[in-house]
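Structural features, examined
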Amino acid sequence: MMVEVAKVHDIPPGEMLRVHAHGAWIVIVNLDGQYYALSDTCTHEDASLFKGTFKDGCIRCPLHGSRFDVRTGKPLEEPAEEPLKIYPVRTLNGMILIGQAPARYF
Ligand code: FES
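Presented here is a report on the structure given in the accompanying data block.

Criteria and cut-off values
- Residues numbered from 1 in each chain as written.
- Predicted model: local features only at pLDDT ≥ 70, side-chain atom pairs only at ≥ 80, totals over all residues.
- Helix = DSSP H or I, 4+ residues; strand = E, 2+ residues; numbered from the N terminus.
- Rg over C-alpha atoms; globule rule 2.2 N^0.38 Å.
- Buried ≥ 20, exposed ≤ 12 C-beta atoms within 10 Å, placed from the backbone.
- Pairing = 2+ DSSP bridges.
- Axes fitted to C-alpha atoms, helices over the stretch in contact; angles between N-to-C directions.

Glancing now at the overall build of the protein. The number of helices and strands found in the protein is 0 helices and 10 strands. Mapped in sequence order, the helices and strands of the protein form the string β-β-β-β-β-β-β-β-β-β. In terms of C-alpha radius of gyration, the protein reaches 13 Å, essentially the compact-globule figure of 13 Å for 106 residues. Reported as C-alpha extents along the three principal axes, the dimensions of the protein are approximately 40 × 30 × 20 Å. By residue count, 31% of the 106 residues in the protein fall in the buried class.

In structure tokens:
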């Protein structure tokens, strides 16, 4: 099931927003007009990635600096080794909707 979490205008290109949906904190980013939704919690030591920085298609963790590709959730640098959960995103009537992460991530 997809749920509305924000308006498209809430997240300009290059920005991110943290929302709570499907029982989890999720960070949504706008990468050149395309929206991606990922788990807000770093897979290394539970830092909030929303408090990090979003640049060049990656989110950098504020705690130890691992970078995650927002398109795949994969870490590009240690110390994080596990990928972030990725949530399906779509836009409809000016709203951003998020679905549940695929079961393989649980
Ligand atoms: S908590 Fe994110 S890299 Fe350590």
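One open sheet accounts for 4 strands, arranged β2-β3-β4-β8; its pairing is antiparallel. Of all the strands in the sheet, just β2 (16-21) and β8 (86-87) have a single pairing partner and so form its edges. Alignment of strand β4 (residues 34-39) against β8, held across 2 bridges, turns out to be antiparallel. By the bridge assignment for β8, Leu38 is matched with Ile86.

What follows concerns unusual backbone geometry. Put simply, Glu78 and Pro79 share a cis peptide bond, and its omega is 15°. Here Pro79 shows up in the loop between β7 (67-69) and β8. Positive phi values are uncommon outside glycine, yet Asp32 reaches one of about 55°. Topologically, Asp32 is positioned in the loop between β3 (24-31) and β4. A residue is classified by how many C-beta atoms lie within 10 Å of it, and Asp32, with 7 of them, is exposed.

For Pro12, the position within the fold is in the loop between β1 (3-7) and β2. Here Pro12 falls in the exposed class, since 10 other C-beta atoms lie within 10 Å of it.

Attention now moves to the sheet that holds strand β5 (residues 53-55). Read across the sheet, 3 strands follow the order β5-β6-β7 without closing on themselves; strand pairing throughout is antiparallel. Every interior strand has two partners, whereas the edge strands, β5 and β7, have only one. Each strand axis lies, on average, 25° off the axis of its neighbour in the sheet, ignoring direction. Alignment of β5 against strand β6 (residues 58-60), held across 3 bridges, turns out to be antiparallel. Pairing of Lys55 across the sheet is with Cys58, part of β6.

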